[in-house]
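Take a look at the letters that make up each chain.
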Amino acid sequence: MGNILKAVVAFVPSDKCQKYLLEDLEQMPVDKMVDLSGRQLRRLPLHICSFRELVKLYLSDNNLNHLPPELEQLQNLQILALDFNNFKALPLVVCTLKQLCILYLGNNKLCSLPLELRLLQNLKTLWIESNCLQCLPEVVCELSLLKTLHAGSNALRTLPAQLRCLQELRTIWLSGNLLSEFPSVLLDMPFLEVIDVDRNSIRFFPSLAHLPGLKLVIYDHNPCRNAPKVAKGVRRVGRWSEETPEPRKRSGAVIAITLDEKPSPPPPATKPEPE
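Residues numbered from 1 in each chain as written. Predicted model: local features only at pLDDT ≥ 70, side-chain atom pairs only at ≥ 80, totals over all residues. Heavy atoms only, no water.

### Some words on the overall build of the protein
In terms of helices and strands, the protein carries two helices and 12 strands. The linear arrangement of helices and strands in the protein, starting from the amino end, is α-α-β-β-β-β-β-β-β-β-β-β-β-β. Here the protein, with 275 residues, has 47% of them falling under the buried criterion. Looking at the protein alone, contacts between residues at least 24 apart form 25% of all its contacts between residues at least 6 apart. (Helix = DSSP H or I, 4+ residues; strand = E, 2+ residues; numbered from the N terminus. Buried < 20%, exposed > 50% of the residue type's maximum accessible area, 1.4 Å probe, protein only. Contact = heavy atoms within 4.5 Å.)

### Concerning the environment of tryptophan 240
Relative to the elements of secondary structure, tryptophan 240 occurs in the loop between strand E10 (235–237) and strand E11 (246–250). When the C-alpha positions of tryptophan 240 and arginine 225 are compared, they lie 9.4 Å apart, and in sequence the two are 15 residues distant.

### A word on the side chain of aspartate 83
Note on placement: aspartate 83 falls in the loop between strand E3 (79–81) and strand E4 (102–104). A distance of 2.5 Å separates polar atoms of two side chains, one belonging to aspartate 83 and the other to serine 60. (Polar contact = N/O pair within 3.5 Å; in protein donor to acceptor, adjacent residues only side chain to side chain.)

### Details of the confidence of the model for the protein
Low-confidence regions, as indicated by low pLDDT, have predicted coordinates that should not be scrutinised in detail. Summing up the model confidence of the protein, the mean pLDDT is 86 and the portion of residues at 70 or higher is 79%. Throughout residues 249–268 the model reports pLDDT below 50, and contacts reaching past four residues in sequence, or to other chains, amount to 35 contacts. (pLDDT = per-residue confidence, 0-100.)

### Here we look at the pattern of salt bridges
Here the structure, examined in full by the defined rule, presents five salt bridges. One salt bridge connects arginine 118 with glutamate 142, and the closest N-O pair in it is separated by 2.8 Å. Note that arginine 118 is positioned in the loop between E4 and strand E5 (125–127) and glutamate 142 in the loop between E5 and strand E6 (148–150), a separation of 24 residues in sequence. Look at arginine 118 and you get partly exposed, because its relative accessible area is 34%. (Salt bridge = Lys/Arg side-chain N within 4 Å of Asp/Glu carboxyl O.)

### Some points on the sheet that holds strand E7 (residues 171–173)
Strand order in this open sheet of 10 strands is E1-E2-E3-E4-E5-E6-E7-E8-E9-E10, and the pairing throughout is parallel. At either end of the open sheet lies a strand with only one pairing partner, and these are strand E1 (33–35) and E10. Within the sheet, the average angular offset between the axes of one strand and its neighbour, ignoring direction, is 5°. As defined by bridge partners, E7 adjoins strand E8 (residues 194–196) across three bridges and the pair is classed as parallel. Paired with tryptophan 173 across the strands is aspartate 196, a residue of E8. (Pairing = 2+ DSSP bridges. Axes fitted to C-alpha atoms, helices over the stretch in contact; angles between N-to-C directions.)

### A short note on the side chain of asparagine 108
Note that asparagine 108 resides in the loop between E4 and E5. Judged by its relative accessible area of 8%, asparagine 108 is buried. A polar contact is formed between the side chain of asparagine 108 and the backbone nitrogen of phenylalanine 87, at a distance of 3.1 Å. Residues contacting asparagine 108, with those up to four places away along its chain left out, are Leu82, Asp83, Phe84, Asn85, Asn86, Phe87, Ser130 and Asn131.

### Things to note about the packing of aromatic side chains
Under the definition given, this model contains three aromatic pairs. Members of the aromatic cluster, each reached through a chain of ring pairs, are Phe182, Phe205 and Tyr219. (Phe/Tyr/Trp six-rings, centres within 6.5 Å; stacked < 30°, edge-to-face > 60°.)

### Considerations on the state of the cysteines
Following the criterion strictly, the structure yields zero disulfides and no others. Free of any disulfide, cysteine 132 has its nearest cysteine sulfur in cysteine 111, 4.6 Å distant. Its relative accessible area of 37% is what places cysteine 132 among the partly exposed residues. (Disulfide = S-S within 2.5 Å.)

### Quick look at unusual backbone geometry
Even without a glycine there, the phi angle at serine 153 is positive, about 55°. Within the secondary structure layout, serine 153 lies in the loop between E6 and E7. Serine 153 sits in the partly exposed class, given a relative accessible area of 30%.

### A look at the environment of phenylalanine 205
In this fold, phenylalanine 205 is placed in the loop between E8 and strand E9 (216–218). Under the relative-accessibility criterion, phenylalanine 205 is labelled buried at 2%. C-alpha of phenylalanine 205 to C-alpha of proline 228: the two residues are 23 residues apart in sequence and 5.1 Å apart in space. The contact partners of phenylalanine 205, leaving out residues within four places of it in the chain, are Phe182, Val197, Tyr219, Asn222, Cys224, Asn226, Ala227 and Pro228.

See below:
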């Protein structure tokens, strides 16, 4: 009954009703974290913007489609979670939060990202999975400290060549896109440690054996006829990654190539829990 009441109250824009959704959150918590996930919020209560020392703000799983300009007051914010909302565009006020290290934008309706995103030069982790992106916004390539990029479950067909400029990037997740070829730019990124291209339409994999930093490549659920070659010790998850023959055609004959190692599957990538 409580959730039903909150859903009804969320439609009422009065301060009293919005304060009810915040329950007893009157002062900034000692741990400098506010978690308002799953509160049926349709707008961010301005009271939160007065917590100027706030470091972590979780607004996941609400009904938000805009943010107030007063959010700019949270200049100490390092983690902002806006995933599972109704954003069709990233509010520009987010780009004023220059201390942000982690930004969750997954499961919205984003078709692009603003050029102002380049202002977030401290950003290390960006989640933009499950949106409506048909190409990876080039502004992402200007986030020089980015280490982890989650861009799965979009409609990406290619990656921009500028991506190679992200020399701090270690992990890129591209599962569930529309890649018909392995992105060639990734071949010029020797510092990558994890590449995930699961659930795409890649038919051929080039050798990845020259990537010295690579530790894990996930390529399952592609219509490929070969497994990517990797250096010794690199884990592979996908067809022919285990000790099963990989078909190779030569002069009409099929030659079986047995792989040496049987990798163990990696742990699933999950969003860190609020601390």
